[in-house]
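Spelled out, the chains give:
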Amino acid sequence: MQRIFVVVGLALVAIGLLWPWLRRLSLWQHLGRLPGDIHIQRDGFSFYFPITTGLLISAVISLLLWLLRK
């Protein structure tokens, strides 16, 4: 369990340091605006629910944790 926390912590630090360059990649520009994400805008009201983005991030994290367990 300690190894997982160390790896996740290092990954978060790496992402934080590389964030200015990662934002410029086309993949990161579309994350949060995928087909299936719900965005409703009306006068004085805005609702956003990123269903597809959440599922994609969950699948990637699950895959990474599965690979780390092996």
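One structure accompanies this document, and this report is about it. (Residues numbered from 1 in each chain as written. Predicted model: local features only at pLDDT ≥ 70, side-chain atom pairs only at ≥ 80, totals over all residues. Heavy atoms only, no water.)

Moving on: the overall build of the protein. When helices and strands are counted, the protein shows 3 helices and 2 strands. Its helices and strands in sequence order give the protein the pattern α-α-β-β-α, from N to C terminus. The buried share among the 70 residues of the protein stands at 6%. Restricting the contact set of the protein to residue pairs at least 6 apart, pairs at least 24 apart contribute 12%. (Helix = DSSP H or I, 4+ residues; strand = E, 2+ residues; numbered from the N terminus. Buried < 20%, exposed > 50% of the residue type's maximum accessible area, 1.4 Å probe, protein only. Contact = heavy atoms within 4.5 Å.)

Bringing the pairing of strand 1 (residues 38–42) into the picture now. Alignment of strand 1 against strand 2 (residues 45–49), held across 5 bridges, turns out to be antiparallel. Bridging across to strand 2, histidine 39 finds its partner in tyrosine 48. Where strand 1 folds back on strand 2, the antiparallel hairpin that results is connected by 2 residues, among which glycine 44 adopts a positive phi of roughly 75°. (Pairing = 2+ DSSP bridges.)

Position of aspartate 37 among the secondary structure elements: in the loop between helix 2 (26–30) and strand 1. Side-chain polar atoms of aspartate 37 contact the side chain of tyrosine 48, separated by 3.4 Å. Separated by 2.7 Å, the side chains of aspartate 37 and threonine 53 make a polar contact. (Polar contact = N/O pair within 3.5 Å; in protein donor to acceptor, adjacent residues only side chain to side chain.)

On the surface, Ile38, Ile40, Phe45, Phe47, Phe49, Ile51 and Leu55 cluster together to form a nonpolar patch covering roughly 630 Å² of accessible area. Taken together, the elements giving at least two residues each to the nonpolar patch come down to strand 1, strand 2 and helix 3 (51–69). For phenylalanine 45, a relative accessible area of 48% translates into the label partly exposed. (Patch = residues over 30% accessible without salt bridge, like charges linked within 9 Å, V, L, I, M, F, W, Y side chains within 5 Å. Areas by Shrake-Rupley, 256 points an atom, 1.4 Å probe, with all protein chains shown as cover. Salt bridge = Lys/Arg side-chain N within 4 Å of Asp/Glu carboxyl O.)

So, to be careful, I would describe these as geometric facts and stop short of saying anything about function.
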